[in-house]
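Descriptive structure summary
Chain by chain, the residues:
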Amino acid sequence: MDARLHTELWTSWASLLRSYAAAHGLNSRHHAVVEVGADEITLRVASSWLRFTHEQMEDSDGNRSGFSLQEDGTVKLNGIAEEMDIAAEALAREMMQRE
């Protein structure tokens, strides 16, 4: 994948996580924080976190799974491709309802 495209997709992924976490936070007593770096994105809610690298997703419980951004704008989680916005919404919802 072209480096510029990957950077755009990475930035979009972080933005979607931030937006959906904020939306789900409206009905939560918790606030989400999304930390973005060139090689890592972390979504934190209370004592829980979800960390993304370019190849992996890991959570605060020690679970790990495959993760990759695809050229067509989808995200692949554990080998299953989903639309990026659908995946980000589901993950943010799960994190905001966790605590």
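Look up a bit, the structure's there.
Below or above, wherever it landed, is the structure these notes cover. (Residues numbered from 1 in each chain as written. Predicted model: local features only at pLDDT ≥ 70, side-chain atom pairs only at ≥ 80, totals over all residues. Heavy atoms only, no water.)

**A look at the overall build of the protein**
The cut-off we apply is this: For helices the rule is a DSSP run of H or I covering at least 4 residues; for strands it is a run of E covering at least 2, with both sets numbered from the N terminus onward. What the globule rule says is 2.2 Å times the number of residues to the power 0.38, and the radius of gyration is computed from C-alpha atoms. Working definition: with a 1.4 Å probe on protein chains only, accessible area under 20% of the residue-type maximum means buried, over 50% means exposed, and in between means partly exposed. Throughout, a contact is declared for two residues whenever any of their heavy atoms are within 4.5 Å.
Secondary structure assignment for the protein yields 2 helices and 7 strands. Taken from N to C terminus, the helices and strands of the protein fall in the order α-β-β-β-β-β-β-β-α. Against the 2.2 N^0.38 benchmark of 13 Å for 99 residues, the protein shows a C-alpha radius of gyration of 13 Å, consistent with a compact globule. With the C-alpha coordinates aligned to their principal axes, the bounding extent of the protein is approximately 40 × 25 × 25 Å. In the protein, which comprises 99 residues, the proportion classed as buried is 35%. Across the protein, contacts joining residues at least 24 apart in sequence account for 45% of those joining residues at least 6 apart.

**Notes on the pairing of strand 1 (residues 32–36)**
For clarity, the cut-off: The pairing criterion is simple: DSSP has to find at least two bridges between the two strands.
Strand direction decides the pairing type here: strand 1 and strand 2 (residues 41–45), joined by 5 bridges, are antiparallel. The partner of Val 33 across the bridge, within strand 2, is Arg 44. From the end of strand 1 to the start of strand 2, which pair antiparallel, there are 4 residues.

**Quick notes on the packing of aromatic side chains**
Rules: A pair of aromatic rings is counted whenever rings of Phe, Tyr or Trp (Trp by its six-membered ring) have centres within 6.5 Å, and the orientation is called stacked for planes under 30 degrees apart, edge-to-face for over 60 and tilted otherwise.
If you walk through the whole model with that rule in mind, you get 3 aromatic pairs. Ring centres 5.4 Å apart and planes at 85° place the aromatic pair Trp 13 and Phe 52 in the edge-to-face group. One end of the pair, Trp 13, is in helix 1 (residues 3–25); the other, Phe 52, is in strand 3 (residues 48–52), with 39 residues separating them in the sequence. Taking the relative accessible area as the measure of exposure, Phe 52 reaches 0% and is therefore buried. With centroids separated by 5.0 Å and ring planes inclined at 55°, the aromatic side chains of Phe 52 and Phe 67 adopt a geometry described as tilted. Separated by 15 residues along the polypeptide, Phe 52 in strand 3 and Phe 67 in strand 5 (residues 64–69) bring together distant segments of the chain. Aromatic ring contacts, followed pair by pair, group Trp 13, Phe 52 and Phe 67 into a single cluster.

**Regarding helix 2 (residues 84–98)**
Formally: Helix span, as expected, comes to 1.5 Å for every residue beyond the first. Along the arc lie the directions from the helix axis toward the C-beta atoms.
Here helix 2 is 15 residues long and its end C-alpha atoms lie 21 Å apart, about the 21 Å a rise of 1.5 Å per residue gives. Those residues of helix 2 that fall on the buried side of the exposure criterion are Met 84, Ala 87, Ala 88, Leu 91, Ala 92, Met 95 and Met 96. Down the axis, helix 2 shows its buried residues gathered within 155° of arc, on one side only.

**Considerations on the sheet that holds strand 6 (residues 74–77)**
Note the cut-off: Axis lines are fitted to C-alpha atoms, over the contacting stretch for helices. Their N-to-C directions set the angle, which ranges from 0 to 180 degrees.
Pairing is antiparallel in the open sheet, where 7 strands are placed in the order 1-2-3-4-5-6-7. Only two strands of the sheet have a single neighbouring strand rather than two, namely strand 1 and strand 7 (80–83). With direction set aside, neighbouring strand axes in the sheet form an average angle of 20°. Sheet analysis places strand 3 next to strand 4 (residues 56–59), joined by 3 bridges and oriented antiparallel. Bridged to Arg 51 within strand 4 is Glu 58.

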